[in-house]
Amino acid sequence: MSITPEQCRAARAMTRVSREVLANAANVPIFVIEQYEQMLSEPDEAQLESIETALETLGAEFIDEDRYGGAGVRLRFDATLSRSMSDWESEGGRAADNDVP
């Protein structure tokens, strides 16, 4: 599955990660994510796969379009755990004291 720009934006919002954090997690330049989310350009296949994998690692689960509805995204983890993972990622791997162990 290849995620859409809308799914990318929604997954970032749901997992509460900035474009900068996603770019670091996916090892792609931030402008690639910015331009993709704004539908200005399409990342190459490897970059898009890295972005999708990073978002999944951060707690997003992508839903394929099927006969019951359109493509979507949901949280794989609850909001608290996703927020903790996002905080951990943005701090360079150091979990805060109040984070889930």
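Structure report, in brief.

Criteria and cut-off values
Residues numbered from 1 in each chain as written. Predicted model: local features only at pLDDT ≥ 70, side-chain atom pairs only at ≥ 80, totals over all residues. Heavy atoms only, no water. Helix = DSSP H or I, 4+ residues; strand = E, 2+ residues; numbered from the N terminus. Buried < 20%, exposed > 50% of the residue type's maximum accessible area, 1.4 Å probe, protein only. Contact = heavy atoms within 4.5 Å. Areas by Shrake-Rupley, 256 points an atom, 1.4 Å probe, with all protein chains shown as cover. Salt bridge = Lys/Arg side-chain N within 4 Å of Asp/Glu carboxyl O. Core = buried A, V, L, I, M, F, W, Y, C linked by side-chain atoms within 4.5 Å.

This part takes up the overall build of the protein. From N to C terminus, the protein includes five helices and two strands. Secondary structure elements of the protein occur, N-terminal to C-terminal, as α-α-α-α-β-β-α. Within the protein, the fraction of its 101 residues that count as buried is 33%. Here the analysis covers contacts within the protein between residues at least 6 apart in sequence; of these, 50% occur between residues at least 24 apart. About 6,200 Å² of surface is accessible on the protein, with carbon and sulfur atoms providing 47% of the total.

Attention now moves to the pattern of salt bridges. For the coordinates displayed, the defined rule picks out three salt bridges. The salt bridge involving R19 is made with E37; its shortest N-O contact spans 2.7 Å. Separated by 18 residues along the polypeptide, R19 in helix 2 (residues 19-26) and E37 in helix 3 (residues 30-37) bring together distant segments of the chain. Across the salt bridge formed by E61 and R74, the nearest N and O atoms sit 3.0 Å from each other.

One finds I3, C8, L22, I51, L55 and F62 to be the most contacted residues of the largest nonpolar core, which totals 20 residues. Those elements that provide at least two residues to this core are helix 1 (5-15), helix 2, helix 3, helix 4 (45-57) and strand 1 (60-63). Not counting residues within four places of it along the chain, the set of residues in contact with I51 comprises I3, C8, L22, A26, V28, V32, I33 and P43.

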